[in-house]
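Structural overview for review
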Amino acid sequence: MNLLEGLQASNTIPKKYLAMTNAELEERAVCVKNRLGKKLFIPGHHYQKDEVIQFSDATGDSLKLAQVAAENTEAEFIVFCGVHFMAETADILTTVKQKVYLPDMRAGCSMADMADIYQTNRAWTKLQELFGDTIIPLTYVNSTAAIKAFVGENGGATVTSSNAEKMVSWAFTKKERLLFLPDQHLGRNTAYNLGVPLEQMAIWDPAKNELVYEGVIEDIKVILWKGHCSVHENFTVNNVEQVRKQYPYMKIIVHPECSREVVAAADLAGSTNYIIDVIENAEPGSAFAIGTEMNLVNRIMKEHPDKEIISLNPYMCACLTMNRIDLPHFVWCLESIEDNFERNRIIVEEPIASNAKIALDRMLELS
């Protein structure tokens, strides 16, 4: 076996975990948690499967999980049940004595992959030529550590869907214009809510390395990276119209990663935590069509049997990359830690980590 084959084999889950029943896997997970105690900390994103989220020590959206990662200094091992960029953020915000693991290294994010550092540096050079020193970059936390580091180096900050309006408002106190990476929909919806007209928003196309805009470029206030969430972009105005027709009594609530047209057609729009809070605080008998990831929608349905809840898109699937974290991979990761294997550890090297932390800290200080 050569080196490459050895590395691949080491990251391939042993068949014994796939052969176990859920009951066996759950028992093993409980045993590891009990043995490691406070040395182990498991953050879980709301989009995770129920079979995994049940073992989380903290659940939340990207903002909350970034906050708990920054606050936790006790745990030696952090097993992050989410996707790659979230585990990177945890590694950046924790101490050098703490180790962060991702149960399945295939759990990435298609949105984060839509902006790489080469494209971003190339875009920044051209935008500086067009606009001079009038732009500040912001990046959604759904981005790579390298993009966060770029933003930190250039005076910007990270944002989440929970604090996007606050962070965009902050950015406009620093510079005349902003570059928003990598989700054009969150950037557009946020800027629009703050009073920036659509006519003052342009698109940066990284594939063509060009600014897409019709009008006088001096009027541009927001430059939106041409990226999107593959889950939320699948909610359409037609979905809204169908719900209005079939369930006219329902309120429609969507995530701001949906397109501007869908957000405008909905009754309410907000972050994952906002959606959860609205449903929790609604009166019994309330009815909602929710436009967000299906694992979360299904969990909300189970937790609120006193309310009528459906997905805005009845054919929507769960986030495929979030679903990579399943019970077999989770237990394999836990038992590997006990056996002192450095498998699936997430390490963000310097100077990327330091510069990315600058961008994250700016956000956390304002949140």
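Residues numbered from 1 in each chain as written. Predicted model: local features only at pLDDT ≥ 70, side-chain atom pairs only at ≥ 80, totals over all residues. Heavy atoms only, no water.

Re the UniProt feature "binding site: [4Fe-4S] cluster" (unreviewed entry) in the protein chain
- Per the UniProt annotation, the sites labelled "binding site: [4Fe-4S] cluster" (unreviewed entry) are Cys109, Cys229 and Cys319. Spanning 211 residues, the annotated positions come together in the fold, the maximum distance between their C-alpha atoms being 9.7 Å. Here the residues from the annotation list that line the largest pocket are Cys109, Cys229 and Cys319.
- Position of Cys229 relative to the elements: it lies in the loop between strand E11 (222-225) and helix H11 (237-246).
- We classify Cys229 as buried; its relative accessible area is 12%.
- The residues touching Cys229, leaving out its near neighbours within four places in the chain, are Met111, Asp183 and Glu257.
- Following the sequence through the fold, Cys319 ends up in the loop between strand E15 (308-311) and helix H15 (327-338).
- Every residue in contact with Cys319, bar those within four places of it in the chain, is listed here: Val231 and Glu293. (UniProt positions renumbered as here; feature names shortened; annotations may be inferred. 1 Å grid on protein atoms, 1.4 Å probe; cavity = no way out; pocket = protein on both sides within 12 Å on 5 of 7 lines; lining within 4 Å. Helix = DSSP H or I, 4+ residues; strand = E, 2+ residues; numbered from the N terminus. Buried < 20%, exposed > 50% of the residue type's maximum accessible area, 1.4 Å probe, protein only. Contact = heavy atoms within 4.5 Å.)

Considering the UniProt feature "binding site: iminosuccinate" (unreviewed entry) in the protein chain
- Look at the UniProt record and you will see "binding site: iminosuccinate" (unreviewed entry) annotated at His45, Ser62, Tyr140, Val141, Asn142, Ser161, His255, Pro256, Glu257 and Thr272. Of the annotated residues named above, the ones that line the largest cavity are Ser62 and Val141.
- Within the secondary structure, Asn142 sits in the loop between strand E6 (135-140) and helix H8 (145-153).
- Setting aside residues no more than four positions away along its own chain, Asn142 makes contact with Ser62, Phe85, Cys109, Met111, Ala112, Pro182 and Glu257.
- Its location among the elements puts Glu257 in the loop between strand E12 (251-254) and helix H12 (260-265).
- Leave out the neighbours within four places in its chain, and Glu257 touches Met111, Tyr140, Asn142, Asp183, His185, Cys229 and His232.
- There is a polar contact of 2.5 Å between the side chain of Glu257 and the side chain of Tyr140. (Polar contact = N/O pair within 3.5 Å; in protein donor to acceptor, adjacent residues only side chain to side chain.)

Quick look at the layout of surface pockets
- By volume, the largest pocket amounts to about 420 Å³.
- Around the largest pocket, the lining comprises 34 residues; the ones closest to its centre are Tyr47, Cys109, Cys229, Val231 and Cys319.
- Secondary structure elements with two or more residues in the lining of the largest pocket: helix H5 (62-71) and helix H6 (84-93).
- Across the lining of the largest pocket, the residue classes break down as 16 nonpolar, 15 polar and three charged. (Points joined across faces, edges and corners; volume = space filled by probe spheres on them. Nonpolar A, V, L, I, M, F, W, Y, C, P; charged D, E, K, R; others polar.)

Digging into the sheet that holds E6
- Pairing is mixed in the open sheet, where six strands are placed in the order E7-E6-E8-E11-E9-E10. Both outer strands of the open sheet, strand E7 (157-159) and strand E10 (210-212), are each paired with one neighbouring strand and no more. Taking each pair of neighbouring strands and ignoring which way they run, the sheet shows an average axis angle of 30 degrees.
- Both strand E9 (residues 201-205) and E11 contribute to a ladder of four bridges, which runs parallel. When the sheet's bridge partners are listed, Ile203 is paired in E11 with Leu224. (Pairing = 2+ DSSP bridges. Axes fitted to C-alpha atoms, helices over the stretch in contact; angles between N-to-C directions.)

Here's the deal with the domain arrangement of the protein chain
- Examined at the domain level, the protein chain breaks down into domain 1 (3-108 + 322-354), domain 2 (111-229) and domain 3 (232-311).
- Just the C-alpha atoms count here: the centres of domain 1 and domain 3 sit 30 Å apart.
- Residue-level contacts link nine residues of domain 1 with 12 residues of domain 3.
- Surface buried jointly by domain 1 and domain 3 totals about 830 Å² across both partners, of which 39% is contributed by carbon and sulfur atoms.
- Contact with domain 3 buries area across many residues of domain 1, yet His46, Tyr47 and Asp50 alone supply 69% of it, more than any other trio.
- On inspection of domain 1 and its partner domain 3, the count reaches two salt bridges.
- Arg299 is the partner of Asp50 in a salt bridge, and the nearest nitrogen-oxygen pair spans 2.7 Å.
- At the junction of domain 1 with domain 3, the criterion picks out eight residue pairs in polar contact (both at pLDDT 80 or more).
- For the side of domain 1 that touches domain 3, the per-class residue count stands at two nonpolar, three polar and four charged. (Domains from an automatic or database assignment. Buried area = accessible area lost by both parts, 1.4 Å probe. Salt bridge = Lys/Arg side-chain N within 4 Å of Asp/Glu carboxyl O.)

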